[in-house]
Amino acid sequence: MTDLLPVTALGDSAPRSETFGPLSLSENAGLALASLALRRGQAAPAPFGLALPDVARAVTSGALGAFWTGRGQWMIEAGGKAESDFAAALEAEAPGCSVTEQTDGFVAFEVVSEAGAARLEALMSKLVNIDPKTLGPGCCTRTGLEHMTVFLVRRSETRLAVIGMRSLAGSLWHALSQAARRLEN
Amino acid sequence: MTFSGFKVIKEALTGYKGWGPLWRNPVPKPSYDIVIIGGGGHGLATAYYLAKRYGQANVAVLEKGWIGSGNAGRNTTIIRSNYLLPGNQPFYELSMKLWETLEQDTNFNSMVSQRGIINLIHSDGQRDAYRRRGNSMMISGAGARLLGRDELRQMVPFLNFDNARFPIKGGLMQERAGTARHDGVVWGYARGADRRGVDIIQNCEVTGFRIENGAVQGVETTRGFIGAGKVGVSVAGSSGRVMGYAGRRLPIESHALQAFVSEGLKPVIPGVITFGAGHFYVSQSDKGGLVFGGDIDGYNSYAQRGGLPVIEDVLEGGMALMPMIGRARLLRAWGGLVDMSMDGSPIIDRTDIAGLYFNGAWNYGGFKATPAAGLTFAHLLATDTPHETATAFRFDRFNRGYVIDEKGVGAQPNLH
Amino acid sequence: MLIPHPLLGLRDAQEFTYLGDASLLNRPDPATPGAEAAFCDYVFLRDNPAGVHRELWFHEQGDRSWLVVTRNTLTHEILSAELASDVKAGAAQ
Ligand SMILES: Cc1cc2nc3c(=O)[nH]c(=O)nc-3n(C[C@H](O)[C@H](O)[C@H](O)COP(=O)(O)OP(=O)(O)OC[C@H]3O[C@@H](n4cnc5c(N)ncnc54)[C@H](O)[C@@H]3O)c2cc1C
C-alpha cells in the first residue's frame with residue numbers, strides 16, 4: 001500500500017503557528033465542525049447540553065462550542081475531534097435536525113493577543129469591515145476578509161477564531177500573518 | 001463651420017476670434033416629422049443618417065442637458081467587432097466598417113484609431129472559447145488572430161505573465177479594433193445633422209408622451225409640447241424612465257458603470273488590453289492618460305456616479321495584470337448610467353404604440369455601436385422595417401425564446 | 001453603502017450580492033390560464049424606477065439570508081430592510 005502522509009490544511013505535517021510580537025497565530029487542525037439546522041417549526045435541541053445561542057452569539061462548554069450562523073442554524077465545534085466522525089455524534093444529539101459534516105470544508109486559525117483586547121481589535125480593523133466593539137467576547141459573525149468569506153468567533157477579550165474555507169487556507173494565513181506582521185512594525 | 005489648415009493658422013495668428021459654433025441653437029418648431037429623444041451618440045447618428053441617407057430632414061433631436069453629456073461623453077471609447085453570436089457579430093462588424101469611413105463621411109476628425117484589441121487568455125478552456133469566437137469573427141469578415149504567449153510577450157512585455165492565479169497564456173487579437181474620440185464622434189454627427197437641417201435642441205427634457213388612440217402624437221417637454229409623426233427613443237440609461245412615461249416596462253435595468261483615467265504618461269500601451277478574469281481593461285489616450293475600467297457597480301442606479309468597492313476592485317485588477325500601473329496617479333474617476341438588458345444585447349424596434357420606436361439596451365458597450373445603431377435606427381424610423389443587419393434586436397425575442405446571451409448567464413442584467 | 005440588516009445591524013453592502021426587483025418574490029402560478037405570458041413578464045420585464053425601489057439582496061458573506069431592501073436609486077439612501085422570508089410570510093397571511 002502507498003504510504004500516505006496526513007497533512008494539514010496548509011499542507012504541512014504539523015499545525016503551523018507563528019508569533020508577531022504580542023500576537024500569535026496558530027492553525028487549529030484538531031477542530032471538528034458540523035452544522036446543525038432546524039427543520040421548519042422544529043424546536044432547538046440542546047446537543048451535548050449546549051444551549052444553542054441567539055443571533056450572532058457563541059457559547060462554549062469545555063472543548064465543545066456552538067456559534068450562530070443564520071436563523072435556525074448553528075455551527076457546532078469540538079476541539080481535538082477532527083479525526084472522529086463528529087457529525088454522527090452530533091446527529092445522535094439532535095434527532096430530526098439537519099446535520100452536515102463541515103470539518104473538511106474549513107480551516108480554523110486562532111489569534112491570541114498577549115497585549116490585551118486593543119491589539120486584537122487593531123488586527124481586526126485592518127482586515128474586516130466589522131466594528132470590533134460589536135464583536136465582543138461571546139459574539140460571532142460571518143463576513144468578508146480580502147474577498148474570502150470567514151466566520152469570526154470572539155472566544156474572549158484576547159482570543160479570536162477565524163474560520164475560513166479550507167481550499168483558501170494559504171491565502172487566509174497570508175492575509176492574517178501579513179497584517180499581524182505589519183502591526184509589529 | 002469648417003476647418004482647414006489655412007484657417008487654423010489664421011486663427012492662431014489672430015487670437016482665435018473667428019471660430020463659430022458647429023451647430024445652430026434653434027427654437028423648437030411646433031412639430032416635426034420625426035422627433036428623436038436623446039442627444040447622445042446614438043440619437044445624433046440617427047438624425048444624421050435620417051437626413052443624409054433617408055432624405056428626412058424635418059427632424060429634431062431633443063436633449064435634456066447638452067449633447068454628449070450622457071454615456072457618449074463618459075465612456076472608455078473602445079470600438080471593436082469581436083462578438084460571438086450570429087445576431088450580434090454582423091451588426092458590430094457593420095459598425096466597424098462605418099467607423100472606418102466615418103471621418104470621410106462626416107468630414108470631421110473623430111480620431112478613429114485602429115490600434116487593435118487583445119483579449120487575454122489564462123486557461124485552456126478560455127483559449128478554446130476565444131478560438132471559437134475568433135472563427136465567428138472571421139466568418140463575419142472582422143478578422144481575428146490568436147496570439148501565443150511568446151508573441152504576446154514581445155508586444156506587451158509589461159504584463160504580469162506569471163501571475164499565480166491567472167497566468168497569461170496568450171490572447172485573441174482584433175487588429176481593426178481600437179478607440180475613437182468620443183466627443184469628436186458626437187460633434188461630427190451633430191454638425192453633419194445640423195447642416196442638413198436637423199434641429200438639435202438642448203436643455204429640453206422630455207417629460208411625457210401624448211398618445212391618442214394607440215398612436216403617438218408628440219412629446220411633452222420642459223420647453224412645451226412638440227408634435228411628431230414619429231418618435232424615436234434613444235436615451236440609454238434613462239430608457240426605463242422615458243418608456244415608463246408611455247406606460248411600458250422594458251427588459252432593462254439601469255446600472256452605474258465607472259471609468260478611470262491616470263495622469264498623462266509616455267506611450268506604453270499599444271492598443272486595448274482586456275483582462276476578463278480580473279474585470280479590468282485598459283488603453284492609452286492620445287494625451288497619454290491610461291483609460292481603464294471594469295465591472296458595473298451591480299445594483300440598480302440612476303445616480304451617474306459609482307461606489308468605492310468597484311474602484312478598489314478595478315484597481316486591484318489593474319495591479320494584478322500590470323503591476324507598473326501602481327506607479328501612475330489616478331487623475332479622475334466618474335460614472336455613467338448604462339441600460340443593462342436581460343440578455344446583454346440591444347433592442348432596435350417598433351413598440352406596440354404606433355409611431356413610437358425604441359433604441360436601447362446597449363449595456364456597457366454601445367459606443368462602438370454608435371454608427372450602426374444610428375444607421376439601422378434611422379432605417380427603421382424612415383421605412384418602418386428593420387434594417388437587414390439588425391433583425392435580431394426585436395422586443396419579442398424574449399417571449400419567443402430567441403435571446404442573444406453572449407455570456408450565457410440568463411435574465412440577470414448585472415451579470416452580463 | 002451600509003445595509004441595515006434586521007438581525008445583524010449595519011453591514012457593508014459588499015457582503016451582499018444583488019438579485020434585483022423584489023417583485024421576483026411573486027412568482028406566477030403556472031397552473032392559471034395565461035401563465036406563459038405571465039412568466040415572460042415575470043422573468044424579463046422590470047419597472048426599473050428612478051427613485052424608490054424594493055429589491056432583493058442576499059447576505060452571502062453573512063447569515064445567508066435574503067433581504068428586501070427599499071432603496072432610492074437616485075440617492076442610494078436606504079429606507080428599510082426586511083427579511084424576505086418575513087415579507088413572504090406576511091404576504092401569505
Ligand atoms: C463608464 C462607461 C464606459 C463605457 N465604455 C464603453 C466602451 O469602451 N465601448 C463601448 O462600445 N461602449 C462603452 N460604454 C457604453 C456606451 O457609452 C453607451 O452604450 C452609449 O454611449 C449609449 O448610447 P448614447 O451615446 O446615445 O447614450 P447617451 O450619451 O447616454 O445618450 C442618451 C441621452 O439621452 C438624454 N436623455 C435622457 N433622458 C432624457 C429625456 N427625458 N429627455 C431628453 N433627453 C434625455 C441624456 O441626457 C443623454 O444625453 C461605456 C459606458 C460607460 C458609462
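Since we're looking at a predicted model, the values are computed, not measured.

Cut-off values and rules
- Residues numbered from 1 in each chain as written.
- Chains lettered and ligands numbered in written order.
- Predicted model: local features only at pLDDT ≥ 70, side-chain atom pairs only at ≥ 80, totals over all residues.
- Heavy atoms only, no water.
- Helix = DSSP H or I, 4+ residues; strand = E, 2+ residues; numbered from the N terminus.
- Buried < 20%, exposed > 50% of the residue type's maximum accessible area, 1.4 Å probe, protein only.
- Contact = heavy atoms within 4.5 Å.
- Pairing = 2+ DSSP bridges.
- Axes fitted to C-alpha atoms, helices over the stretch in contact; angles between N-to-C directions.
- Near = heavy atom within 4 Å.
- Polar contact = N/O pair within 3.5 Å; in protein donor to acceptor, adjacent residues only side chain to side chain.
- Areas by Shrake-Rupley, 256 points an atom, 1.4 Å probe, with all protein chains shown as cover.
- Domains from an automatic or database assignment.
- Buried area = accessible area lost by both parts, 1.4 Å probe.
- Salt bridge = Lys/Arg side-chain N within 4 Å of Asp/Glu carboxyl O.

Caption draft 1: Just the overall build of chain A, in detail. Along chain A, the regular secondary structure elements total 3 helices and 11 strands. Start at the N end of chain A and walk to the C end: the helices and strands fall as β-β-β-β-β-β-α-β-β-α-β-β-β-α. In terms of overall dimensions, chain A has a C-alpha envelope of 50 × 50 × 30 Å along the principal axes. The buried share among the 185 residues of chain A stands at 47%. In chain A, the proportion of contacts linking residues at least 24 apart, taken out of those at least 6 apart, comes to 61%.

Caption draft 2: Spotlight on the sheet that holds strand β6 (residues 78-83) of chain C. Residues and elements named next belong to chain C. Here 4 strands make up an open sheet; going across it, the order is β3-β4-β5-β6 and the pairing antiparallel. Looking at the sheet topology across the chains shown, the edges are occupied by β3 (17-21) and β6. Each adjacent strand pair in this sheet contributes to an overall mean axis angle of 30°, direction not counted. Where strand β4 (residues 52-58) lies against strand β5 (residues 66-72), 7 bridges are found, and the strand directions are antiparallel. From the neighbouring strand, Leu56 faces β5, where its bridge partner is Val68. Across the sheet, helix α2 (residues 84-92) lies against β4, β5 and β6, angled at about 75° from β6, the strand it touches most.

Caption draft 3: Looking closely at the site of the ligand. Residues and elements named next belong to chain B. The full set close to the ligand counts 37 residues, and Glu63, Asn71, Ala72, Thr76 and Lys368 are the nearest of them. Taking Ala72, its main chain carries an N or O atom lying 2.7 Å from an oxygen atom of the ligand. Contact between the ligand and Thr77: an oxygen atom at 3.5 Å from a main-chain N or O atom of the residue. Protein chains shield 96% of the accessible area of the ligand, which is 1,000 Å² for the free molecule. Broken down by secondary-structure element, the contributors of at least two residues to the shell around the ligand are α2 (41-53), β12 (252-264) and β16 (330-341).

Caption draft 4: Molecular detail of the domain arrangement of chain B. Residue and element names in this part refer to chain B. Partitioning chain B into structural domains gives domain 1 (29-81 + 83-108 + 182-252 + 343-415) and domain 2 (117-176 + 253-341). Between the C-alpha centres of domain 1 and domain 2 the distance comes to 27 Å. Contact residues are listed per partner, giving 32 residues for domain 1 and 31 residues for domain 2. Of the roughly 2,900 Å² buried between domain 1 and domain 2 on both sides combined, carbon and sulfur atoms contribute 51%. Its largest share of buried area at the contact with domain 2, domain 1 owes to Arg74, Thr76 and Leu84, together 22% of the area lost on that side. Applying the counting rule to domain 1 against domain 2 returns 2 salt bridges. Note that Glu93 is salt-bridged to Arg176, the shortest N-O span being 2.9 Å.

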